[in-house]
Amino acid sequence: MPRRLPRQNRVLWLLDRLEREPRADAVIDTLRRGVRALPLGRGRDVLHGRWLGHPVHPLLVQVPIGSWLSAALLDLRPGRSRASRLLIGTGLAAVPPTALAGWADWAELHRPQQRVGLVHALSNTTAVGLYAASLASRVKGREAAGRVYGFLGLAAVGIGGLLGGHLAYRQASGANHAEQVPYLVTEGWHRIGTVDEFPVGRPVRRSVDDVPVLVVREPGGAIHALAERCSHLAGPLAEGTVADGCVRCPWHGSVFRLSDGWNVRGPATAPQPSFETRITDGRVEVRLRHQDGGQHAGSGRDLAGQGSGTRSGAADGHDARG
């Protein structure tokens, strides 16, 4: 008798179905346009967490979740109503910046991620409503009702957390999509073509150990190379625009400095792995920057003039770093 294979559990089946459910797409489009239209300026990068190196939303959610969980524990013991009110109020006060950061990230995701994220937001909104009702009941002296609303709110927060975990880990919504590059590219120099194959000012895609690499030749002769898939959501940088020494991702607008891969503008929170370049006998060669004594990408310094541009081989008899 053939062995029966294990079936996918019901929760994962529901989540996978949610990713493919298109009925709320019109609502998603409207919300996405609204979030993108908010006049946040440089505050948008603050909300994305570019200053932190990863999304800031998971950090902010610790305050409401921790406060509400603590309030639930106190509710299990009579006589702690004042402390519970304080914790619930603290959690509610932390909601606006937490939600704003979440919406800013959500607006720059792929459609299947946005579908899950919308239900995540609805679950958390339900939790906020229940905790507001809980606080109002407690203020009016209806402690029993306040505890009931609180436990229902905690259940809604738990569902929201499950969906948030699915977004972060199953769908990799906040992950660095270029993190694996240093583990895939072998050490040493790799030949990627002749100088003439790289038109000045135009992004060109090449491959090193099956890893896509973006190559840009500047008017002064310097040649820069970065990992080609955007660290935000793996957008194709070779299809982006090059201006002012940077490349802009065509998918969500992240901007990276060509000289060292530094993420100048979000939503990307991680820099691009970058390569040293040199010209040997008219051929361009690249080497991952942190290998063989090179600098690591994303140091935050402009490395032009320190191996980030073109460099001749010994046969050329001179150093032509950009």
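Residues numbered from 1 in each chain as written. Predicted model: local features only at pLDDT ≥ 70, side-chain atom pairs only at ≥ 80, totals over all residues. Heavy atoms only, no water.

Any chance you could break down the side chain of Glu 19 for me, citing the residues and the numbers?
Position of Glu 19 among the secondary structure elements: in helix α1 (residues 10–20). No salt bridge forms around the buried Glu 19; measuring N to O, its nearest opposite-charge neighbour Arg 170 is 5.1 Å away. Within polar-contact distance, the side chain of Glu 19 engages the side chain of Gln 171 at 3.5 Å. Not counting the four nearest positions on each side in its chain, Glu 19 is found in contact with Pro 112, Arg 115, Val 116, His 166 and Gln 171. (Helix = DSSP H or I, 4+ residues; strand = E, 2+ residues; numbered from the N terminus. Buried < 20%, exposed > 50% of the residue type's maximum accessible area, 1.4 Å probe, protein only. Lys, Arg positive; Asp, Glu negative; His and termini not counted. Salt bridge = Lys/Arg side-chain N within 4 Å of Asp/Glu carboxyl O. Polar contact = N/O pair within 3.5 Å; in protein donor to acceptor, adjacent residues only side chain to side chain. Contact = heavy atoms within 4.5 Å.)

Give a description of the sheet that holds strand β10 (residues 283–288) that names residues and reports values.
Strands sit in the order β1-β10-β9-β4-β3-β2 across an open sheet of 6 strands; the sheet is antiparallel. The open sheet is flanked by β1 (190–194) and β2 (204–208), the only strands paired with a single partner. Looking at each pair of strands side by side, their axes are set apart by 35 degrees on average, direction ignored. With 6 bridges joining them, strand β9 (residues 274–280) and β10 adopt antiparallel strand pairing. Within the sheet, the bridge partner assigned to Ile 279 lies in β10 and is Val 284. (Pairing = 2+ DSSP bridges. Axes fitted to C-alpha atoms, helices over the stretch in contact; angles between N-to-C directions.)

Just give me the short version of the packing of helix α6 (residues 81–93) against helix α7 (residues 95–106), but keep the residues and values in it.
Viewed as axis vectors pointing N to C, α6 and α7 meet at an angle of 35 degrees, and their least axial separation amounts to 5 Å. On the side of α6, the interface is formed by Gly 91, Leu 92 and Ala 93, while α7 contributes Val 95, Pro 96 and Pro 97. When its residues are assigned to classes, the contact of α6 with α7 shows 5 nonpolar, 1 polar and no charged. (Nonpolar A, V, L, I, M, F, W, Y, C, P; charged D, E, K, R; others polar.)

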